[in-house]
Number of protein chains: 4
Amino acid sequence: MNTIPRPSATQPNAALYRRLESRVRSYSRAMPREFASASGPWMMDSQGGRYLDFLSGCSTLNYGHNHPVLKKALLDYIERDGIAHSLDLHTEAKTTFLEEFDATILKPRGLSYKAMFTGPTGTNAVEAALKLARKVTGRHHVIAFTNGFHGMTLGALACTGNAGKRGGAGIPLSHVSHEPFDGYYGPKVDTADLLRQRLEDPSSGLDAPAAILLETVQGEGGLNVASPRWLRKIAAIAKDHGALLIVDDIQAGCGRTGSFFSFEEAAIVPDIVTMAKSLSGMGLPFALTLIQPNLDVWDPGEHNGTFRGNCHAFVTATASLRNFWGDPAFSQDLQRRSQFLAERLEAIAAACDVPAQVKGRGMIRGIDVGSGARASAITAAAFELGIVIETSGPHDEVVKVLAPLTIDDDVFANGLDLLAHAFRSTGTQPLDAAA
Amino acid sequence: MNTIPRPSATQPNAALYRRLESRVRSYSRAMPREFASASGPWMMDSQGGRYLDFLSGCSTLNYGHNHPVLKKALLDYIERDGIAHSLDLHTEAKTTFLEEFDATILKPRGLSYKAMFTGPTGTNAVEAALKLARKVTGRHHVIAFTNGFHGMTLGALACTGNAGKRGGAGIPLSHVSHEPFDGYYGPKVDTADLLRQRLEDPSSGLDAPAAILLETVQGEGGLNVASPRWLRKIAAIAKDHGALLIVDDIQAGCGRTGSFFSFEEAAIVPDIVTMAKSLSGMGLPFALTLIQPNLDVWDPGEHNGTFRGNCHAFVTATASLRNFWGDPAFSQDLQRRSQFLAERLEAIAAACDVPAQVKGRGMIRGIDVGSGARASAITAAAFELGIVIETSGPHDEVVKVLAPLTIDDDVFANGLDLLAHAFRSTGTQPLDAAA
Amino acid sequence: MNTIPRPSATQPNAALYRRLESRVRSYSRAMPREFASASGPWMMDSQGGRYLDFLSGCSTLNYGHNHPVLKKALLDYIERDGIAHSLDLHTEAKTTFLEEFDATILKPRGLSYKAMFTGPTGTNAVEAALKLARKVTGRHHVIAFTNGFHGMTLGALACTGNAGKRGGAGIPLSHVSHEPFDGYYGPKVDTADLLRQRLEDPSSGLDAPAAILLETVQGEGGLNVASPRWLRKIAAIAKDHGALLIVDDIQAGCGRTGSFFSFEEAAIVPDIVTMAKSLSGMGLPFALTLIQPNLDVWDPGEHNGTFRGNCHAFVTATASLRNFWGDPAFSQDLQRRSQFLAERLEAIAAACDVPAQVKGRGMIRGIDVGSGARASAITAAAFELGIVIETSGPHDEVVKVLAPLTIDDDVFANGLDLLAHAFRSTGTQPLDAAA
Amino acid sequence: MNTIPRPSATQPNAALYRRLESRVRSYSRAMPREFASASGPWMMDSQGGRYLDFLSGCSTLNYGHNHPVLKKALLDYIERDGIAHSLDLHTEAKTTFLEEFDATILKPRGLSYKAMFTGPTGTNAVEAALKLARKVTGRHHVIAFTNGFHGMTLGALACTGNAGKRGGAGIPLSHVSHEPFDGYYGPKVDTADLLRQRLEDPSSGLDAPAAILLETVQGEGGLNVASPRWLRKIAAIAKDHGALLIVDDIQAGCGRTGSFFSFEEAAIVPDIVTMAKSLSGMGLPFALTLIQPNLDVWDPGEHNGTFRGNCHAFVTATASLRNFWGDPAFSQDLQRRSQFLAERLEAIAAACDVPAQVKGRGMIRGIDVGSGARASAITAAAFELGIVIETSGPHDEVVKVLAPLTIDDDVFANGLDLLAHAFRSTGTQPLDAAA
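Residues numbered from 1 in each chain as written. Chains lettered and ligands numbered in written order. Predicted model: local features only at pLDDT ≥ 70, side-chain atom pairs only at ≥ 80, totals over all residues. Heavy atoms only, no water.

**Thoughts on the packing of helix 9 (residues 191-200) of chain D against helix 10 (residues 228-240) of chain D**
All names here are of chain D.
- Where helix 9 meets helix 10, the closest approach of the two axes is 9 Å, and the angle between their N-to-C directions is 10°. On the basis of their axis angle, the class for helix 9 and helix 10 is roughly parallel. Touching Thr191, Ala192, Asp193, Leu195, Arg196 and Leu199 of helix 9 are Trp230, Lys233, Ile234, Ala236, Ile237 and Asp240, all from helix 10. (Axes fitted to C-alpha atoms, helices over the stretch in contact; angles between N-to-C directions. Helix = DSSP H or I, 4+ residues; strand = E, 2+ residues; numbered from the N terminus. Parallel < 35°, antiparallel > 145°, perpendicular 65-115°, else oblique. Contact = heavy atoms within 4.5 Å.)

Okay, here's the thing in structure tokens:
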């Protein structure tokens, strides 16, 4: 297969979108094309253009687009009138998924979780986790972290750090405080120690938390990585203070960091784990809240939702677990590819005429170029070359590479070459004052 | 086709579900079977049993299961590697849906809305509507109604009346008050007048609202129907007091009441409309918030979400609009079938040995039997006969019939005969004290 | 003593006040004089003017200004270095007050309350009551009423109906809803029944309340009077639903309605009673929250405050209880004077050229003239005649007479004559549109 | 005068208090005597006992009890029927106070504030300050600090750090976060820098604040002293981020730290200052919120309250300003006495057999003995010797000396000798595990 993207030059239907779609649309502004089909790492627009996907639906397409194994499983299911929608009734598709998830993911890792199928959005999985933590503990306060991103509905949004998103609520967001993430105050300050000090002080004003909610790698917040040591300290703090530890593995999970769960490296066992994005494997809406069995104190239907049993997603998710996670070669390949990515990004950063820092872990990495304007200029230049890529971070200052985990080596290499070119072509002139 | 259900007697995999799925599961408790496939009004379990679906995914399957036209459209799309997941990028599938929705639904009704694709759950569409109303008005308070149901995430949950669901929040729900719905205080009290009086009193303690949020038929709240006159009064109150009128058409929309939008009969034009459930036509996760163009003050990305462009759902939704709503015969058929349902339910209610009242409108109707225990006994008896059916109402006291809008007349008649039998067989002995 | 007021014409020190006192000052705007001394119903300004006090510090001066018995008690106490400030230590002054309050007020009425001395403001007494109700019940929601007024600190302000005051919070006020007061929807709607219906409906959206908080006569809200029957219904609702009944007797208590507690006529026994204003007898800051002994679950110091033991106020309060409430003649006199007031106001209202309605009970009565502008014109005209008097109600449309309970008959009659003159002189021309 | 206390041995009326006063009473538990009169630093109980006051009403009695000059002014005022209660009407007493405060306090310091007389409690002054800051900025969030204490009503309580007090609210406290105070994380971490970093990060989750609220010395929180440098940094942060700086000078103001305002040493000019406690000079309820003139955007009556014009307090406050603050000798004396206190406490701490640290500034100082149980044992021993004294700090681990500013040198020395004896007599055995 040809490994070079071939972008189109123009955007059809712009007027239609202006007239009929809300101004809230966002990705389509920086990447104004009309996409039609997609396969593996490639996205095709309606004018015959072809793009290499270094965004992967923000880590929703870890196995690429329309992977043939997943596609076939779904086609077969639909062909034979497999039930598509069943509220939360038991279905064959759900049974099979639960068995596969238990056998392929949980048991080999010595984990024991119960699955709660929430509404099929990450934010809904987080809302369910927060509700449960508050019910279990009888407490209201939740500790989240600087630069955390957990969703857009009011409960999850209160845990999200971004001021623009928060402002959208139109009301003050309550019952959550944001503590400094690992490394937030620089390498000399251990922010876990700061948190412990305040929780141990009955007069600190920090209410006893129902939960501590975190991402191990902050995908939207700038690819900040929590160290295993810090994660273990936070887990210990949660335990000591009667709070549940919730790991939001929506963006970093499903292999993105190199293991199925992002917290495996730290050897912690969260009380609750939220999953979504790549869980279905094919980009279908699907979310899951994993709960330690002893914490499963829900009343029947206490949290519900129409689409909490997306059978199509059960089918593709099961296929993805079988196809990828049952095979040790997949994980090994992933390690190798992550290493390759790290090296290439280090080289690109080193060649930068401005200070640039590689951030992230596994296959969720990027380069902090110190300025949102500069990062946007780079991603815009990359898009002109046919690379679908986005920024991250509080000032959008990180160029973020989220390639499919399954990308071919030569395609990946070519894509990174083009990215390097975009970096070079963007130059070093000062781009903004606010950086 | 045989028109008689053929239920199985046993439930496989009960132990697996107890071990691996959270206690929060609900429908599977009253209907413990493992479903495998489904077609039109029929659901098949994994043991060869067949059930008639009078639940329709709580109005998510208005066109039945796996309708051949929708199924074909989806299969074709997947076969040709149609893009499945694209965040909120423009796609051919989205373009086509917008055009079709505009041409088939909006224009013929003289409506002009912009589409906001929220996370693909009803609750997310409601959260977006609330945010926007608060942003537009600069106010925080929202008026919802007794027995309203709007979702499970914190913003929408605050608008939901059910105490059990509300309690699940684990924190006090704020910024919303619940006013009495139409008819709540009996036929002599016009609750719209009560609301107007308090809004006009600067010392009533009722804060000026950002929005008035309502369902025209309360699907979960007991099939309470708002009269066109009351709806027009509420719309006028909203306008006079600078509040946005939000109609939550998630359960009552997409034809369930006889017209595409449930508010058409009242000739009101809401400022915002939320849709989900049957919008995709095939039960796929999909939600939409419709916004009057002048109110579209969102900043790009101010509300976002991973799955807000579910392309599979765009494809089936477009097919459903073309296939059903482009043809006047569909609407006429719907009127006839609704009338048939009304008559049969009146006959069943009249034959009841206890006071029983038919409620609802169009194809969302049921019988209030005055007791949750009695209603559950009836739906349990019906399930034994092969009817998938549920209750509704504050005390679960309404047996609710949500058949596919497209159900064949003879199948429908047979199903209602079986329901009548379930009513008769349940008898008239007093069932609970709390009723 | 001469019974005719003799107002001054000018205001000294206006510039000083503009420069040094916040714009938040209010009464001084309508009555711009500098007051210097006061005795009984008379207020003297610094220019020799004399005014008849029909405001009584909003019912804080029920026994008039500087009553000689109270004054002597206080002078003696200060002379002998009686302790002025003692935090919440035991003091002779407090002991004596507790004994006197128990013997003179509680025991004769068959009541048994424990006294909590809160910070010496009514709002603080209300905050303490709310905290305790929430602690006792473990619930957060409080039911208050339309046009209720309970104070300006955030907890009490949330219970206050007035939109202007509420807006001052700068944040949304939460955890309280305002139900329609007795008669709010006219004589045909029993608002207690409406409340009961919603509380008995598990899907009404009205959270189970920690407390129902009310004034029996709404002093600021327009002199709306709750009937004994309605009060008993509300008390029964509170009991049936596990909520505490809190009567805010800050303005209506201490004899203002004819009995020491305003709720005596209704023969209800609140769980908590808040008092302030006339409790000290002499206008000194003093507040008290009375608690049924079985509800006294406070931890030591859980609610505290610097001035919660105002010994000067203990001394004058004790003197007022002894002097007035130990003597049955005081109560009889009060009944007679209330009757006289009612008759005179009815005559004034009947003589009005616009519809005018007498409202209130006991010695807290006024005339609703249907327009805030008209009412203000009347009180302004009265002030020109030497009457200190204010308005009340959601639109300030009630001219409110709050004379000292102890006012001499002839002085009272002369004052009411002058008020009648002010009514006449203000005429009948339409005064404002918004009325 | 004899300089030695002479405590009584027993407590009269204990049964009466248990029966009639709420369990919420606190100081009377550790110091169970019935106090009757007081003069200067001395408190006399009803059994003839005499106590030296090292508590001073928690800094409410900075000039001692019943100071003859203040007492005479008040007696004269009452004798001549000076108006006691006037709502917020202009009065001679208020005029005189405003003139005196402006001339003696504000002008010599180059300050220009407008006075807002709030309800006469510190918590009410804080509530007013918070409301105004939110109104001025249109923001909701307030930044307070660890171990801060600002009052018990909901708005102020949300700013208070103590978990026990916070828990009393019965509802989650919102719209406030508590940042680490100066020195909270030890000498190497500049907590002002940490705050600035988070405010400058648009994704930190810390909402833009309406106000930064602090005490310069945390009286209840353990006598933590903010350095002038840190205060200037915080003032600069507030300015840079559009937040108002509110200094709560309720406990530390009125000379307690050596100057009238506690923030004079740091040469900052707060936007708002709250005062209460010693403002009246004689322990009478009185509170004041000082506002920069350009921030005085209140609507008339937007915050009000019955007792916001306590004329008796105006009279004694004016007398205290004239008598003490008009005379430079008073300030010089204060410096000398503070120095003496510091030296004596250092000596006591040095003699301790356990690690003990002197904290505080000016005449608000104490010794941290590392354990609440130990500190309580010391204050109990001191009380047996006739010293009224209390603890402070998150674990009540600081023995706090709050003597009158005006105490005679020999009385002070004798009292500190007795305190030293109490320290010695309490010994060094381990007292509690939680320390």
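**Some details on the state of the cysteines**
- In this structure the tally under the stated criterion is 0 disulfides over all chains.
- Free of any disulfide, Cys311 of chain C has its nearest neighbouring cysteine sulfur in Cys58 of chain D, separated by 15 Å.
- Given a relative accessible area of 0%, Cys311 of chain C falls into the buried group. (Disulfide = S-S within 2.5 Å. Buried < 20%, exposed > 50% of the residue type's maximum accessible area, 1.4 Å probe, protein only.)

**As for helix 6 (residues 122-137) of chain D**
Residues and elements named next belong to chain D.
- Its 16 residues give helix 6 an end-to-end C-alpha distance of 23 Å, which sits within 8% of 22 Å, the value for a rise of 1.5 Å per residue.
- Along helix 6, 13 of the 16 residues are buried, which leaves the element largely enclosed by surrounding structure.
- Directly after helix 6, the chain includes Gly138, whose backbone phi takes a positive value near 70°. (Expected span 1.5 Å × (residues − 1).)

**A few points about the side chain of Ser204 of chain C**
All names here are of chain C.
- Mapped onto the secondary structure, Ser204 falls in the loop between helix 9 (191-200) and strand 8 (209-214).
- Relative accessible area serves as the criterion here: at 0%, Ser204 is assigned to the buried category.
- A polar atom in the side chain of Ser204 sits 2.8 Å from the backbone oxygen of Arg198.
- Among the polar contacts listed, one links the side chain of Ser204 to the backbone nitrogen of Leu206, at a separation of 3.1 Å. (Polar contact = N/O pair within 3.5 Å; in protein donor to acceptor, adjacent residues only side chain to side chain.)

**Things to note about the sheet that holds strand 7 (residues 176-179) of chain B**
Residue and element names in this part refer to chain B.
- Sheet architecture is open: 7 strands sit in the order 5-13-12-11-8-6-7, paired in mixed fashion. The open sheet has two edge strands, strand 5 (114-116) and strand 7, and neither has a second partner. The sheet shows a mean angle of 25° between the axes of neighbouring strands, taken without regard to direction.
- Strand direction decides the pairing type here: strand 11 (residues 244-248) and strand 12 (residues 272-275), joined by 3 bridges, are parallel. Each residue of the ladder has a partner; that of Ile246, found in strand 12, is Ile272. (Pairing = 2+ DSSP bridges.)

**Re the interface of chain B and chain A**
- Every contact between the two is made by 109 residues of chain B and, on the other side, 109 residues of chain A.
- Together chain B and chain A conceal approximately 9,400 Å² of surface at their shared face, both sides included; 60% is due to carbon and sulfur atoms.
- Seen at the junction of chain B and chain A, the total is 6 salt bridges.
- Asp102 of chain A serves as the salt-bridge partner of Arg19 of chain B, at 3.1 Å between the closest nitrogen and oxygen.
- Between chain B and chain A we count 58 residue pairs in polar contact (both at pLDDT 80 or more) in total.
- By residue class, the composition of the side of chain B that touches chain A is 44 nonpolar, 36 polar and 29 charged.
- Pairing geometry for strand 1 (residues 34-39) of chain A and strand 4 (residues 90-91) of chain B, over 2 bridges, is parallel. Pairing of Phe35 of chain A across the sheet is with Thr91 of chain B, part of strand 4 of chain B. (Buried area = accessible area lost by both parts, 1.4 Å probe. Salt bridge = Lys/Arg side-chain N within 4 Å of Asp/Glu carboxyl O. Nonpolar A, V, L, I, M, F, W, Y, C, P; charged D, E, K, R; others polar.)

Any functional reading would require information beyond the geometric quantities listed.
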